[in-house]
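Listed below, chain by chain, are the residues.
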Amino acid sequence: MAEVTTGRLAALLDRRAIRLRETAADREDAIRRSGAVLVETGAVDPAYVETMLARERAVSTYVGEGVAIPHGTLAGKDAVRRDALAVLRFPAGVDWGGEQVVLCVAIAARGDGHVALLAQLAEILLNPERARALRAATDADEVLRLLKPVDEETD
């Protein structure tokens, strides 16, 4: 959990969890694909994906700037093996309740770790230039660089 509190989003992102040329029929399909990546990388059990869908039914995870941050409900915490992120880019866009989503940043977090992750992601995504760069990224290294905290970007 220390990684989350120190702002190291990129440290929670396995390179295998960056998919930049995805397609999805709709919002549910995009969430299922995002959850499947978390399952494939060993971050969550398959049951977590259903809690991601339940979260979306309760409240949209669309955050603006063409980005959604799907994550599970409290009931899904037991299905999380380790804190992790997955980044999926849908170049053709996905209808997200009337909004177009190009980028999904899926979150898996034990305990209340998702709160810190959401706050850190919000800081990055509220910067329109960074959000635009993430939506346009076609290279995993670029995604990892863009997920560094704003104050570390000059490193």
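Here is what the cut-offs are and how they apply
Residues numbered from 1 in each chain as written. Predicted model: local features only at pLDDT ≥ 70, side-chain atom pairs only at ≥ 80, totals over all residues. Heavy atoms only, no water. Axes fitted to C-alpha atoms, helices over the stretch in contact; angles between N-to-C directions. Helix = DSSP H or I, 4+ residues; strand = E, 2+ residues; numbered from the N terminus. Left-handed = near helix turned anticlockwise from the far one by under 90°. Contact = heavy atoms within 4.5 Å. Nonpolar A, V, L, I, M, F, W, Y, C, P; charged D, E, K, R; others polar. Expected span 1.5 Å × (residues − 1). Buried < 20%, exposed > 50% of the residue type's maximum accessible area, 1.4 Å probe, protein only. Core = buried A, V, L, I, M, F, W, Y, C linked by side-chain atoms within 4.5 Å. Pairing = 2+ DSSP bridges.

Two elements in contact, helix α2 (residues 27–40) and helix α3 (residues 47–58), have axes separated by 9 Å at closest approach and are oriented at 145 degrees. For α2 against α3, the interelement crossing comes out right-handed. Residue-level inspection shows Arg27, Glu28, Ile31, Arg32, Ser34, Gly35, Ala36, Leu38 and Val39 of α2 in contact with α3, the latter providing Tyr48, Val49, Glu50, Met52, Leu53 and Glu56. In terms of residue class, the contact of α2 with α3 is made up of eight nonpolar, two polar and five charged.

For α3, built from 12 residues, the straight-helix expectation of 16 Å at 1.5 Å per residue is met to within 8% by its first-to-last C-alpha distance of 17 Å. Within α3, the full set of buried residues consists of Tyr48, Val49, Thr51, Met52, Leu53 and Glu56. Among the structural elements, α2, β4 (84–96) and β5 (99–108) are those in contact with the buried residues of α3.

The next subject is the nonpolar core. Leu13, Leu38, Val143 and Leu147 are the most contacted members of the largest nonpolar core, which totals 50 residues. Ranked by residues supplied to this core, first place goes to β4 with eight residues. Residues contacting Leu38, with those up to four places away along its chain left out, are Ala43, Val44, Tyr48, Met52, Ala84, Leu85, Ala86, Ala106, Ile107 and Ala108.

Attention now moves to the pairing of β4. The two faces of the sheet receive side chains in turn, since in a regular strand these alternate between them. A large share of β4 lies buried, amounting to 10 of its 13 residues. Two strands pair when backbone bridges link them, and strand β1 (residues 13–19) and β4 are joined in this way by three bridges, in the parallel orientation. Looking at β4, one finds that Ile18 is bridged to Val87. Pairing geometry for β4 and β5, over nine bridges, is antiparallel. Along β5, the bridge assignment pairs Trp96 with Glu99. Connecting β4 to the antiparallel partner β5 that follows it, the hairpin turn spans two residues, and Gly97 within it adopts a positive phi of roughly 65 degrees.

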